[in-house]
Amino acid sequence: MVPWSLTPRPPWEGRRIVLGVTGGIAAYKSVQIARDLTLLGARVDVVMTEAAGRFVGPLSFEGVTGRKVADSLWSAEGSALHIALGRDADLLVVAPATADFLARAAQGRADDLLTTTLLATRAPVLMAPAMNHRMWDHSQTRANVEHCRDRLGYHLVGPYGGRLGAGEGSGMGRMAEPWEITEWCGRLAEGPSRALRGRRILITAGPTREPLDPVRFVGNRSSGLMGFALAREAWLRGGEVTLVTGPSGLTDPVGMTVVRVEKAREMLEAVRDHGAAADLLVYAAAVADYRPTSPSSRKTRKADTGSRFTIELEENPDIAAETRSLGTPGGVRVGFALETEDLLDRARAKLRKKGFHLVVANPADEPDSGFDVDTNRVTMVHEEGPPEILPLLSKEDVAAAILDRAERLLEAGRVAPGTSP
Ligand code: C5P
C-alpha cells in the first residue's frame, strides 16, 4: 500500500520536469508517472521518441498533463525546443529507458529531440531502464549503464527482476514501478538548499510485537504511518535514511535502508547498529513497554490454562533513553509523546528524561489523531520557549513540520553533514 496523497506539494510543486519516453512496452506505465507528477504540482513536458509512439499515443500524455507532447526535432519550433526544454528543466527523467536509448545517451548522440534535450540540460538526469533480461545482461549494455552512471552522473532506478512482456517470461529488466520513479523525481528535482541533504537520519516506526507463544503476541494499534511519513519526507529532502520499523502493513519507502524487526529488544539492537553515524534520530515507534516474561515455545491451549489465564510481563528497554548518546556530536533527537492526560507536562518530562531536543505531543483519545488514522493533531514541545500548537494536519504535513524544525536545530548546532566518528 502506498498511502501518500496526490495533491500539489513540495518537492514536486512548481518543478519543471521533462519526462522522456522511449520505445518499450513499459511506455504505457509512463502515463501514470506523467499523471502523478502533474497531480503533485509539477509542470510535466513529455518528449517521446519515434519508437515510443508505436507503444503509446501522445494523446494519453496530453490528457493527463494538459500540455502538448514534443516528439520531433524537425521543425523550426522543434529545433529551438530542445534547448529551451533542457535549459529550463529542474529534472529530466527517462522512463522507460531502452537499451538503444542508453547506448545513444552513453555516446552523446543527438539524433532526436530527446537525446538533444539530454545534451542541452544541466539538470539532474534520472533513467529507469526497461528491457528484455538478455539485453540488460549484455556486456555492451552494462558498459553503457556504467558510463551513464559513473562518467555522466546520471541516476538510475531499476530495473528489477520480475515479469517481462508477454512471451518474454521473467528476468532482470522490468521497469521500476511508476510510484517509485515519481518518488525519485521528487528527491532529485528538489533544490540544493535543504539542510537534510547528505545527512544520516535514523527513524523508528510502527508497533512492536512481544510474543506470548508462536502465534500470539502483545502489541498495539500503531500502523507505522507517522514514522513512514517521516522517513519518506527525510529522504525526499536528500537525507540518507534508515527506517527501523516494527510490523507494519505499509510498503517499504523508496531509496532507503529498511530494517524490519518484531520485538523491542530487536529494535534496540537495530537502532544501535545503524544509528552511530546519525545526525538526526527520530523515535516514532510505539514500543511495547512490557513483554511476556516467559513466552511459550508451543501454542498455549485452553486445556492448559483453564478459564483464567494470567500473563506475567516484564519491562522492555526504553530504546530512546538507552540510545541517548548515540549519533554524531551535536546531532538532533526527536521523540513522541502520545498521552490521554497531562499531555504537555508529560511531554516536557520525556524531553529531559530521554535527551530529546523536540517532543511531538499528540492526544491518544481523539478520533482524528494518533493511531491508525492518516491525520494528526500535534503540539511541538521545545527545550526552550512555549509549545507550538499545530492544527489538524495529514501525517505527511506533520512529518514536514517536524523536519522543518529538526533542520533548524541541525543548522543551529552547525553539525556538518557526515561528521561521523
Ligand atoms: O515513555 P513513552 O513511551 O511515552 O515515550 C515515548 C517516546 O519514547 C517515543 O518517542 C518512543 O518512540 C520512545 N520509546 C522508546 N522505547 C520505549 C518506549 C518509548 O524508544 N521502550
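Residues numbered from 1 in each chain as written. Predicted model: local features only at pLDDT ≥ 70, side-chain atom pairs only at ≥ 80, totals over all residues. Heavy atoms only, no water.

*Asks:* I'd like a description of the nonpolar core, backed by residues and values.
*Replies:* If you look at the biggest cluster of nonpolar residues, it comprises 71 residues, and the most contacted ones within it are Phe61, Ile181, Leu230, Leu280 and Ile402. If you tally residues by element for this core, the top one is helix H9 (residues 225–236), at nine residues. Domain assignment of the residues forming this core places at least three in each of domain 1 (16–189) and domain 2 (200–413). Among all residues touching Leu230, those that are not within four sequence positions of it are Ile203, Val282, Ala284, Phe336, Ala399, Ile402 and Leu403. With 25 residues, the next largest nonpolar core counts Leu85, Ala89, Leu113 and Val125 among its residues. (Core = buried A, V, L, I, M, F, W, Y, C linked by side-chain atoms within 4.5 Å. Buried < 20%, exposed > 50% of the residue type's maximum accessible area, 1.4 Å probe, protein only. Helix = DSSP H or I, 4+ residues; strand = E, 2+ residues; numbered from the N terminus. Domains from an automatic or database assignment. Contact = heavy atoms within 4.5 Å.)

*Asks:* Mind laying out the sheet that holds strand S16 (residues 332–339), listing which residues take part and the relevant values?
*Replies:* Here eight strands make up an open sheet; going across it, the order is S12-S11-S8-S13-S16-S17-S19-S20 and the pairing mixed. Each edge of the sheet is formed by a strand with only one pairing partner; in this case those strands are strand S12 (257–260) and strand S20 (388–389). On the sheet, helix H10 (residues 264–275) packs against strand S8 (200–205), strand S11 (240–245) and S12 and is oriented at approximately 175° with respect to S8. Sheet strands in contact with helix H14 (residues 395–413) are strand S13 (280–283), S16, strand S17 (358–363), strand S19 (379–382) and S20, and its direction is about 145° off that of S16. (Pairing = 2+ DSSP bridges. Axes fitted to C-alpha atoms, helices over the stretch in contact; angles between N-to-C directions.)

*Asks:* So what about the sheet that holds strand S1 (residues 16–21)? Which residues, and what values?
*Replies:* The parallel open sheet is built from five strands, whose spatial order is S2-S1-S3-S4-S5. Strand pairing shows two members of the sheet lacking a second neighbour, strand S2 (43–48) and strand S5 (155–156), which therefore form its edges. Sheet topology note: the S1/S2 ladder contains six bridges and is parallel. Each bridged residue has a counterpart across the sheet, and for Gly20 the counterpart in S2 is Val47. Contacts from helix H5 (residues 113–120) reach S1, S2, strand S3 (91–97) and strand S4 (125–129) within the one sheet, and its direction differs from that of S3 by about 145°. Along the sheet face, helix H8 (residues 178–189) touches S1, S3, S4 and S5 and points at about 160° away from the line of S3.

*Asks:* Describe a nonpolar patch on the surface, naming the residues involved and giving the relevant values.
*Replies:* Taken together, the side chains of Tyr290, Phe309, Ile311 and Leu313 make up a nonpolar region of the molecular surface, amounting to roughly 380 Å² of accessible area. Relative to the helices and strands, Leu313 is located in strand S15 (residues 313–315). (Patch = residues over 30% accessible without salt bridge, like charges linked within 9 Å, V, L, I, M, F, W, Y side chains within 5 Å. Areas by Shrake-Rupley, 256 points an atom, 1.4 Å probe, with all protein chains shown as cover. Salt bridge = Lys/Arg side-chain N within 4 Å of Asp/Glu carboxyl O.)

*Asks:* Kindly report on the domain arrangement of the chain, identifying the contributing residues and their values.
*Replies:* You can read the domains of the chain as domain 1 (16–189) and domain 2 (200–413). Averaged C-alpha coordinates put domain 1 and domain 2 at centres separated by 38 Å. Taken together, the contact between domain 1 and domain 2 spans six residues of the former and 10 residues of the latter. When domain 1 packs against domain 2, the two sides together hide about 710 Å² of surface, and 58% of this comes from carbon and sulfur. Taken as a group, Trp179, Glu183 and Arg187 account for 79% of the area that domain 1 buries against domain 2, more than any other trio of residues on that side. For the interface between domain 1 and domain 2, the tally reads two salt bridges. The residue Glu183 makes a salt bridge to Arg232 at a minimum N-O spacing of 2.7 Å. Put simply, domain 1 and domain 2 have four residue pairs in polar contact (both at pLDDT 80 or more) between them. Here the side of domain 1 that touches domain 2 is built from residues that sort into two nonpolar, one polar and three charged. (Buried area = accessible area lost by both parts, 1.4 Å probe. Polar contact = N/O pair within 3.5 Å; in protein donor to acceptor, adjacent residues only side chain to side chain. Nonpolar A, V, L, I, M, F, W, Y, C, P; charged D, E, K, R; others polar.)

*Asks:* Tell me about the packing of helix H4 (residues 99–107) against helix H7 (residues 139–151), and name the residues and values.
*Replies:* Two elements in contact, H4 and H7, have axes separated by 9 Å at closest approach and are oriented at 50°. Of the possible angle classes, the one that applies to H4 and H7 is oblique. Here H4 and H7 pass one another in a crossing that is left-handed. Counted together, Ala99, Leu102, Ala103, Ala105 and Ala106 of H4 and Thr141, Asn144, Val145, His147 and Cys148 of H7 form the full contact between these two elements. Class assignment for the residues of the contact of H4 with H7 results in seven nonpolar, three polar and no charged. (Parallel < 35°, antiparallel > 145°, perpendicular 65-115°, else oblique. Left-handed = near helix turned anticlockwise from the far one by under 90°.)

*Asks:* Before we move on, can you summarise the site of the ligand with the specific residues and values?
*Replies:* Lining the immediate environment of the ligand, one finds 13 residues, of which Tyr283, Ala285, Ala320, Phe336 and Lys350 sit closest. Within the contact set of the ligand, an oxygen atom lies 2.7 Å away from a backbone nitrogen or oxygen of Ala285. Side-chain polar atom of Lys350 to an oxygen atom of the ligand: 2.6 Å apart, as the coordinates give it. Protein burial of the ligand: of its 440 Å² of free accessible surface, 85% is covered by the chains. (Near = heavy atom within 4 Å.)

*Asks:* How would you sum up the pairing of S1? Please name residues and give values.
*Replies:* A large share of S1 lies buried, amounting to five of its six residues. Assessed by its sense of winding, the connection that carries the chain from S1 through helix H1 (residues 27–39) to S2 is right-handed. Pairing between S1 and S3: four bridges, direction parallel. Residue pairing across strands places Ile17 opposite Leu91, the latter belonging to S3. (Right-handed = clockwise from strand over helix to strand, strands pointing away.)

*Asks:* Mind laying out the packing of aromatic side chains, listing which residues take part and the relevant values?
*Replies:* For the structure on display, the rule yields two aromatic pairs. Ring geometry for Trp184 and Trp235: centres 4.9 Å apart, planes at 85°, overall edge-to-face. Within this pair, whereas Trp184 is found in helix H8, its partner Trp235 is found in helix H9, the two being separated by 51 residues in sequence. For the ring pair Tyr283 and Phe356, a centre distance of 5.8 Å and an interplane angle of 45° mean the geometry is tilted. With Tyr283 in strand S13 and Phe356 in the loop between helix H13 (343–353) and S17, this residue pair connects regions lying 73 residues apart in the sequence. When its relative accessible area of 6% is taken as the criterion, Tyr283 is described as buried. Residue placement shows Arg142 over the ring face of Trp136; its charged tip is 4.6 Å from the ring centre. (Phe/Tyr/Trp six-rings, centres within 6.5 Å; stacked < 30°, edge-to-face > 60°. Lys NZ or Arg CZ within 6 Å of the ring centre and 35° of its normal.)

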